[in-house]
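Okay, here's what each chain looks like letter by letter:
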Amino acid sequence: MSMRVMVAQLRKLPLQELPPQYLSAVLEASADVVLAISKRGKITAATFSSGDLDAGLAGLLVGQRLVDTVSEDSVEKAEELLSATGDSDTIVRDLSHRLPDGGEFPIRYAAASVFHDGRVAMFGRDLRAVAALQQQVLDAQKALEQDYWKLRNVEVRYRLLFQMAGDPLIIVDEASRRVLEANPLADKLLGGGKRSIVGKVFPIGFDKQGVDALRDLLLEASAVGRASYPSVHSADADHEFGVSAT
């Protein structure tokens with residue numbers, strides 16, 4: 001019989017009616033772990049798809065009550081799995097089995113009553129790779145949050161120093177030459193104290209000679225990284241400034 005024909009026949013059969021040789025193959029191929037649970041909730045048998053699962057879990061599960069093998073937050077979900085009956089839909093829950101070293105072994109189980117004697121079969125998928133990936137995501141999120149708060153603290157200190165500086169400070173966008181930020185003293189001296197210069201094109205608030213000099217200053221700073229000019233005057237001629245740009 002070909003595999004195609006066998007699968008076609010299996011689809012027409014309830015699991016209870018599968019021939020034994022087919023049932024064993026289906027159970028082994030369907031899950032990483034297959035448990036048989038008695039009516040009293042005891043694990044009577046277990047099969048594993050790999051040697052490491054067998055070595056890690058067989059001695060901890062067989063002969064034990066299912067609820068006694070799982071972590072505290074998995075007990076309720078284990079009881080829900082045990083409530084599976086032949087008339088109910090398949091129940092799926094994630095359980096974490098307790099390990100002797102204090103660790104946990106996560107497995108996603110689907111449970112259904114497929115045995116004639118009323119036992120429940122539980123088909124499990126190893127979730128260790130998923131759990132490891134989730135932990136990596138949590139670790140990355142934690143690191144991002146820590147970096148965020150570090151940056152927030154730096155920004156708060158920067159803002160405080162920027163606002164309290166004893167000199168006019170201005171941050172200018174290199175491409176548009178618009179003022180991105182200006183501390184209160186810069187607003188007061190260059191904006192006439194009545195309006196903010198933020199959003200305005202720099203140079204602003206200087207006389208014509210100062211405007212020309214500061215345009216050259218910005219070009220030089222863009223080219224070599226730093227520039228200064230010893231003396232420029234405000235538009236009202238009341239203030240004289242030495243200007244440096246970085």
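Now for a description of the structure that goes with this document. (Residues numbered from 1 in each chain as written. Predicted model: local features only at pLDDT ≥ 70, side-chain atom pairs only at ≥ 80, totals over all residues. Heavy atoms only, no water.)

## Points about the overall build of the chain
Then step 1. The secondary structure content of the chain amounts to seven helices and nine strands.
Then step 2. Taking all 246 residues of the chain together, 30% fall into the buried category.
Then step 3. Looking at the chain alone, contacts between residues at least 24 apart form 33% of all its contacts between residues at least 6 apart. (Helix = DSSP H or I, 4+ residues; strand = E, 2+ residues; numbered from the N terminus. Buried < 20%, exposed > 50% of the residue type's maximum accessible area, 1.4 Å probe, protein only. Contact = heavy atoms within 4.5 Å.)

## A word on the pairing of strand β2 (residues 43-48)
Then step 1. Pairing of strand β1 (residues 33-37) with β2, which is carried by five bridges, proceeds in the antiparallel orientation. Looking across to β2, one finds that A36 is bridged to A45. (Pairing = 2+ DSSP bridges.)

## Thoughts on the nonpolar core
Then step 1. Counting 21 residues, the largest nonpolar core has V33, L35, L57, L95, Y109 and M122 as its most contacted members.
Then step 2. Going through the elements one at a time, β1, β2, α3 (51-61), α4 (75-82), β3 (91-98), β4 (104-112) and β5 (120-126) are the ones with two or more residues in this core.
Then step 3. Looking at this core element by element, the count peaks at four residues for β4.
Then step 4. Not counting residues up to four positions away in its chain, the partners in contact with L57 are V33, F48, H97, L99, F105 and I107.
Then step 5. Ranked by size, the runner-up nonpolar core spans 20 residues in total, among them V211, L214, A221 and V232. (Core = buried A, V, L, I, M, F, W, Y, C linked by side-chain atoms within 4.5 Å.)

## With respect to the layout of surface pockets
Then step 1. Approximately 670 Å³ is the volume attributed to the largest pocket.
Then step 2. Surrounding the largest pocket, 24 residues form its lining, I170, V243, S244, A245 and T246 being those nearest its centre.
Then step 3. Where the lining of the largest pocket is concerned, the elements lending two or more residues are β6 (170-172), α7 (208-224) and β9 (240-245).
Then step 4. Broken down by class, the residue content of the lining of the largest pocket amounts to 15 nonpolar, five polar and four charged. (1 Å grid on protein atoms, 1.4 Å probe; cavity = no way out; pocket = protein on both sides within 12 Å on 5 of 7 lines; lining within 4 Å. Points joined across faces, edges and corners; volume = space filled by probe spheres on them. Nonpolar A, V, L, I, M, F, W, Y, C, P; charged D, E, K, R; others polar.)

## What about the side chain of N183?
Then step 1. Note that N183 resides in the loop between β7 (179-182) and α6 (184-190).
Then step 2. For N183, a relative accessible area of 0% corresponds to the buried category.
Then step 3. Looking at N183, its side chain comes within polar contact range of the main-chain nitrogen of L169, at 3.0 Å.
Then step 4. Here A186 takes part through its backbone nitrogen, which lies 3.0 Å from a polar atom of the side chain of N183.
Then step 5. Those residues in contact with N183 that sit more than four places away from it in its chain are F162, Q163, A165, D167, P168 and L169. (Polar contact = N/O pair within 3.5 Å; in protein donor to acceptor, adjacent residues only side chain to side chain.)

## Some points on unusual backbone geometry
Then step 1. Put simply, F202 and P203 share a cis peptide bond, and its omega is 10°.
Then step 2. Within the secondary structure, P203 is located in the loop between α6 and α7.
Then step 3. Although it is not a glycine, R177 adopts a positive phi angle of roughly 65°.
Then step 4. Tracing the chain through its elements places R177 in the loop between β6 and β7.
Then step 5. Positive phi outside glycine occurs at A237, with the angle close to 65°.
Then step 6. Turning to its location among the elements, A237 is positioned in the loop between β8 (227-233) and β9.

## Concerning the packing of aromatic side chains
Then step 1. Summed over all chains, the structure comprises four aromatic pairs.
Then step 2. Centre to centre, the rings of Y158 and F162 are 5.6 Å apart; their planes meet at 35°, and the pair counts as tilted. With Y158 and F162 both in helix α5 (residues 128-164), this residue pair falls four residues apart, about one helical turn.
Then step 3. On the basis of relative accessibility, which here comes to 32%, the residue Y158 falls in the partly exposed class.
Then step 4. Judged by its relative accessible area of 5%, F162 is buried.
Then step 5. Between F206 and F241, the aromatic rings sit 5.8 Å apart at their centres with planes inclined by 75°, giving edge-to-face as the arrangement. Within this pair, whereas F206 is found in the loop between α6 and α7, its partner F241 is found in strand β9, the two being separated by 35 residues in sequence. Here F206 matches F241 in class, with each residue buried.
Then step 6. Taken together, the ring pairs connect F202, F206 and F241 into an aromatic cluster. (Phe/Tyr/Trp six-rings, centres within 6.5 Å; stacked < 30°, edge-to-face > 60°.)

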